[in-house]
Amino acid sequence: MTPNGSAKPFRSGYVGLVGAPNVGKSTLLNQLLQEKISITAPKPQTTRNRIMGILTTEDFQVIFVDTPGIHRARDQFNKILVDTALSTLSEVDVIYFLVEAPDADREINSFILENLARVNTPVFLVINKIDLLPNKQALLPLMARFQSLHAFQAFIPISALTGDGVQTLLDETIGLLPEGPRYYPEDYLTDQPERFLVAELIREKVFHLLREEIPYAVAVVVDTFTEVPERNRIDIEATIHVEKDSQKAILIGKKGQMLKEIGKQARTDIEALLGSHVFLGLFVRVQKNWRKDMRMLSEFGYRSEG
Ligand SMILES: Nc1nc2c(ncn2[C@@H]2O[C@H](COP(=O)(O)OP(=O)(O)OP(=O)(O)O)[C@@H](O)[C@H]2O)c(=O)[nH]1
Ligand SMILES: [Mg+2]
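Residues numbered from 1 in each chain as written. Chains lettered and ligands numbered in written order. Predicted model: local features only at pLDDT ≥ 70, side-chain atom pairs only at ≥ 80, totals over all residues. Heavy atoms only, no water.

Colleague: Would you explain the sheet that holds strand β9 (residues 277-286) in this entry?
Modeller: Hydrogen bonds between backbone atoms are what pair the strands of a sheet, whose relative direction is either parallel or antiparallel. With mixed pairing, the three strands of this open sheet are ordered in space as β7-β8-β9. Of all strands in the sheet, those with a lone pairing partner are β7 (219-228) and β9, marking the two edges. Pairwise comparison of adjacent strand axes, ignoring direction, gives a mean angle of 15° for this sheet. With nine bridges connecting them, β7 and strand β8 (residues 233-242) associate as antiparallel partners. Of the residues in β8, the one forming a bridge with Thr226 is Asp235. This element, helix α6 (residues 194-209), spans β7, β8 and β9 of the sheet and lies at about 125° to β7. (Pairing = 2+ DSSP bridges. Helix = DSSP H or I, 4+ residues; strand = E, 2+ residues; numbered from the N terminus. Axes fitted to C-alpha atoms, helices over the stretch in contact; angles between N-to-C directions. Contact = heavy atoms within 4.5 Å.)

Colleague: Sorry if this is basic, but what is going on with the coordination of the magnesium ion (ligand 2) here?
Modeller: Metal coordination angles in their ideal form are 109.5 degrees for the four-donor tetrahedron and 90 or 180 degrees for the six-donor octahedron. Protein coordination of the magnesium ion (ligand 2) is provided by Ser26 (OG) and Thr47 (OG1), with donor distances spanning 2.0 to 2.1 Å. Of the two residues, Ser26 sits in helix α1 (residues 25-33) while Thr47 sits in the loop between α1 and β2 (51-56), which places them 21 residues apart along the sequence. For the pair Ser26 and Thr47, a shared accessibility class is recorded, and that class is buried. (Donors = N, O, S within 2.8 Å, 3.2 Å for Na, K, Ca; no water. Buried < 20%, exposed > 50% of the residue type's maximum accessible area, 1.4 Å probe, protein only.)

Colleague: Sorry if this is basic, but what is going on with the nonpolar core here?
Modeller: Nonpolar side chains tend to gather and get buried jointly when the protein is soluble and globular. Leu28, Phe64, Tyr96 and Phe97 are the most contacted members of the largest nonpolar core, which totals 63 residues. Among the elements that line this core, the one with the most residues is strand β4 (residues 94-100), at six residues. Residues Val218, Val222, Ala238 and Ala266 belong to the second largest nonpolar core, which totals 27 residues. (Core = buried A, V, L, I, M, F, W, Y, C linked by side-chain atoms within 4.5 Å.)

Colleague: Can you walk me through the environment of Ile240 in this structure?
Modeller: By secondary structure assignment, the location of Ile240 is in strand β8. With 37 residues separating them in the primary sequence, Ile240 and Arg203 have C-alpha atoms 8.1 Å apart. Ile240 has contacts with Ile202, Val218, Ala219, Val220, Leu251, Leu259, Ile262, Leu282, Phe283, Val284 and Arg285, leaving out every residue within four places of it along the chain.

Colleague: I would appreciate a short explanation of the site of ligand 1 in the present structure.
Modeller: Looking at ligand 1, there are 23 residues lining it, with Lys25, Thr27, Thr46, Thr47 and Asp131 nearest. One of the backbone N or O atoms of Asn22 is found 3.0 Å from an oxygen atom in ligand 1. Backbone polar atom of Thr46 to an oxygen atom of ligand 1: 2.8 Å apart, as the coordinates give it. Protein contacts shield 90% of the accessible area of ligand 1, which totals 650 Å² for the unbound molecule. With three residues, the single largest contributor to the shell around ligand 1 is α1. By residue class, the composition of the shell around ligand 1 is eight nonpolar, eleven polar and four charged. (Near = heavy atom within 4 Å. Polar contact = N/O pair within 3.5 Å; in protein donor to acceptor, adjacent residues only side chain to side chain. Areas by Shrake-Rupley, 256 points an atom, 1.4 Å probe, with all protein chains shown as cover. Nonpolar A, V, L, I, M, F, W, Y, C, P; charged D, E, K, R; others polar.)

Colleague: What exactly am I supposed to notice about helix α2 (residues 76-89) here?
Modeller: Note on helix geometry: an α-helix contains 3.6 residues per turn, so any two residues three or four positions apart are oriented the same way. If you check α2, its first and last C-alpha atoms are 21 Å apart, about what 14 residues at 1.5 Å a residue would give, namely 20 Å. For α2, the buried fraction is high: eleven of the 14 residues fall into the buried class. Buried residues belonging to α2 abut β1 (11-19), β3 (60-66), β4, α3 (108-117) and α9 (294-299). (Expected span 1.5 Å × (residues − 1).)

Colleague: Before we go on, may I ask you to explain unusual backbone geometry in this structure?
Modeller: With a phi angle near 75°, Asn22 is a residue other than glycine that sits in the positive phi range. Positionally, Asn22 belongs in the loop between β1 and α1. Here the phi dihedral of Lys129 falls at roughly 65°; this positive angle occurs in a residue that is not glycine. Take Lys129: it is sitting in the loop between β5 (123-128) and α4 (139-147).

Colleague: Looking at this structure, how should I read the pairing of β3?
Modeller: On a regular strand, one side chain projects to one face of the sheet and the next to the other, so that they alternate. Most of β3 sits out of view: seven of its seven residues are buried. Where burial is concerned, the two faces of β3 agree: the one with Phe60, Val62, Phe64 and Asp66 and the one with Gln61, Ile63 and Val65 are both buried. Summarising the sheet, β2 and β3 pair through six bridges and their orientation is antiparallel. Its bridge partner lying in β3, Ile51 is registered against Asp66.

Colleague: How do you make sense of the pattern of salt bridges when you look at a structure like this?
Modeller: Where charged atoms from two side chains of opposite charge come close, those side chains can pair. This model, assessed by the stated rule, comprises 17 salt bridges. Across the salt bridge formed by Arg203 and Glu200, the nearest N and O atoms sit 2.9 Å from each other. Here the residue Arg203 and the residue Glu200 both occupy positions in helix α6, the gap between them amounting to three residues, near one helical turn. Given a relative accessible area of 5%, Glu200 falls into the buried group. (Salt bridge = Lys/Arg side-chain N within 4 Å of Asp/Glu carboxyl O.)

Colleague: What am I meant to see in empty space enclosed by the protein here?
Modeller: The gaps of empty space that remain are located by a probe, the size of a water molecule, rolled over the atoms. Counting across every chain of the model gives one cavity of 30 Å³ or more. The greatest single-element share of the lining of the largest cavity, amounting to three residues, is contributed by α6. Looking at side-chain class alone, the lining of the largest cavity contains five nonpolar, one polar and two charged residues. The residues that make up the lining of the largest cavity include at least three from each of domain 1 (11-174) and domain 2 (194-299). (1 Å grid on protein atoms, 1.4 Å probe; cavity = no way out; pocket = protein on both sides within 12 Å on 5 of 7 lines; lining within 4 Å. Points joined across faces, edges and corners; volume = space filled by probe spheres on them. Domains from an automatic or database assignment.)

Colleague: Help me understand the packing of helix α7 (residues 245-252) against helix α8 (residues 257-274), please; the structure alone is not making it clear to me.
Modeller: If you want to describe how two helices pack, look at the angle between their axes and the distance between the axes. Across the interface, α7 lies against α8 with an axial gap of 5 Å and an inter-helix angle of 65°. Between α7 and α8, the contacting residues are Ile250, Leu251 and Ile252 on the first element and Gln257, Met258, Leu259 and Ile262 on the second. A per-class count over the contact of α7 with α8 returns six nonpolar, one polar and no charged.

Here it is, written out as structure tokens:
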């Protein structure tokens, strides 16, 4: 018997979301799931881990895998991010290669295409951010160019932000999934533990509120997570690690204003995620050059999965 109890075969499989930084991979994951699983920001290299979002219905289960943006990595830390994304390609049933409609011809795309050519997996060219196109006619030459570069399964224009085209993308995807089991219980949304999601929401606020190098120098770790059922509250303490004293000063801000704002915005999102009141205590710590320290990288949850 299939998990849906009918003669119709249950389909399941993995879909990898890859592309250059900032093209909207995480926004698309959240749109597909109608939940905020993966953090987003108008800056490159927001996502640092492989993040699964699980969509289950009576007839199928799709496990979408969000990945860090693929770019020319110049240091060890960024190489780990790119490896995490590239290793996903060989482990999924379907690939979404995302480009942004207003700026599709990014130099890095040729490198991504080289890697797509190595796997025998159907690839959708997902042309995102079509809400920014004043004239949809611009899609035609874009598709013609990409058509000559890879044997894509299909071209699907979407707006991950508004949801336009996303149902079509999903429908086309299900048709390609193999018959298979339900890998995760039906109420599972992600494989990530709550602590990770909480740390990510704090990191997202740093991306939104601070400029230049600060978001890149930040790693967030949840130190304690304590449920206080009699008060219907969860007490969370988290540390924001930075690389230099000067960054710590900026993160805390004048009279602690910046840290307070990060905490306020993060708490709103964390309460929505956990469905509970939250007490959030934030600490800032200098961990000199953590991005160059393999031990710290691994402690903060960044490791090459390649
Ligand atoms: N106008 C518009 N903006 C979008 C759309 N999709 C994503 N964005 C915006 O583009 C920016 C980057 O989105 P992300 O989802 O963080 O991009 P990403 O590809 O996950 O980026 P990295 O994790 O850094 O690789 C954010 O400011 C999003 O709000 C879209 O369809 N239309
Ligand atoms: Mg992302």
